[in-house]
Amino acid sequence: MINKRVEAAVNEQIKREEHSSRLYLAMASWCEVTGFPGAAAFLYAQAEEERMHMLKFVHYLNDRSGHAIMSALDMPKPEYKSLKDVFEQVMKHEEYITASINELYGVSFDEKDFTTGNFLQWFINEQIEEESTMRGILDKLNLAGDGQSGGLFHIDKELTTMASARATTSSTEQ
Ligand code: OFO
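Position numbers for residues start from 1 in each chain and track the written sequence from start to end. This being a predicted model, a pLDDT of at least 70 is required before a residue's local features are given, and a value of 80 or more before pairs of side-chain atoms are given or counted; all residues contribute to the totals for chains, interfaces and linings. Only hydrogens and water are removed before side-chain values are computed, so all heavy atoms of the structure are retained for them.

Novice: Any chance you could break down the side chain of D113 for me, citing the residues and the numbers?
Specialist: Each helix is a run of DSSP H or I of at least 4 residues and each strand a run of E of at least 2, with the numbering of both proceeding from the N terminus. Relative to the helices and strands, D113 resides in the loop between α3 (83-110) and α4 (114-144). Polar contacts, as counted here, are pairs of nitrogen or oxygen atoms within 3.5 Å of one another; within protein the pair requires one atom able to donate a hydrogen and one able to accept it, and residues that are adjacent in sequence qualify only if both atoms are side-chain atoms. At 2.7 Å, the side chain of D113 forms a polar contact with the side chain of T116. Residue contacts are defined here by distance: any two heavy atoms, one from each residue, within 4.5 Å place the two residues in contact. Once residues lying within four places of it in the same chain are set aside, the contact partners of D113 are I2, V6, Y60, R64 and S108.

Novice: Which residues make up the packing of aromatic side chains, and what values go with them?
Specialist: Any two of the Phe, Tyr and Trp rings considered here, Trp counted by its six-membered ring, make a pair once their centres fall within 6.5 Å; the pair's planes then place it as stacked at under 30 degrees, edge-to-face at over 60, or tilted in between. For the coordinates displayed, the defined rule picks out nine aromatic pairs. Both rings, one in Y60 and one in F119, keep their centres 3.9 Å apart while their planes meet at 10°; by these two values the pair is stacked. On the criterion of sequence distance, the pair formed by Y60 in helix α2 (residues 37-63) and F119 in helix α4 is long-range, its members being 59 residues apart. Members of the aromatic cluster, joined through ring pairs, are F57, Y60, F119, W122 and F123. Two thresholds decide whether a charge sits over a ring: the Lys NZ or Arg CZ must be within 6 Å of the ring centre and within 35 degrees of the ring normal. Its guanidinium or amino end placed over the ring of W122, K56 lies 4.1 Å from that ring's centre, counting from NZ or CZ.

Novice: How would you explain unusual backbone geometry if you had to name every residue and give the values?
Specialist: The backbone phi angle of S65 is positive, close to 65°, even though this residue is not glycine. Mapped onto the fold, S65 is located in the loop between α2 and α3. One non-glycine residue, K112, lies in the positive phi region at around 55°. Here K112 lies in the loop between α3 and α4. Burial status follows relative accessibility: with a 1.4 Å probe on protein chains alone, a residue under 20% of its type maximum counts as buried, one over 50% as exposed, and anything between as partly exposed. Judged by its relative accessible area of 62%, K112 is exposed.

Novice: An account of the pattern of salt bridges is needed here, citing residue identities and associated values.
Specialist: Whenever Lys or Arg places a side-chain nitrogen within 4 Å of a carboxyl oxygen from Asp or Glu, that contact is recorded as a salt bridge. Enumeration according to the criterion identifies seven salt bridges in this entry. The partner of R16 in a salt bridge is E12, and the shortest N-O contact between them spans 3.4 Å. Pair noted here: R16 and E12 are both in helix α1 (residues 4-34), with a separation of four residues, about one helical turn. Looking at E12, the relative accessible area reads 33%, which means it is partly exposed. One salt-bridge network, in which partners are shared between bridges, spans R5, D110 and E111.

Okay, here's the thing in structure tokens:
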């Protein structure tokens, strides 16, 4: 039986991963209706990846004789100022998720639940990758500047390629 404090913390993380998925879905939808098909494809793929993260936690908790709970979620905001604004918020959100995974690791360590600590290693590595990918996109957007439509067009095209790579990776991970 999993420790109750760890179970509650994992359930909180399930909620955060599901929220991440819905947040990226809202961003993808904004990109799709604003003329950024590459960014939309990338964020739709990212939303799927977050759902996969959520499911990993659900199965883990239930396999450890806990009970994964689906919590109520806040509505993600539908409007953004620019593509740069979208990715600035993605970056901020990923940093928040990294802190949240570290916090969860801290709880499992305090409770001497080393099985959960071991399970969380995958997420710790995943967060390094997610942050570095998002930082790379944001750096390019910062270089392009808000008003440079030519630069934005190229970045959007590049995101299409990254989206297909993401979709392939997550389908082989499941
Ligand atoms: Fe689940 O890693 Fe992003 O949020």
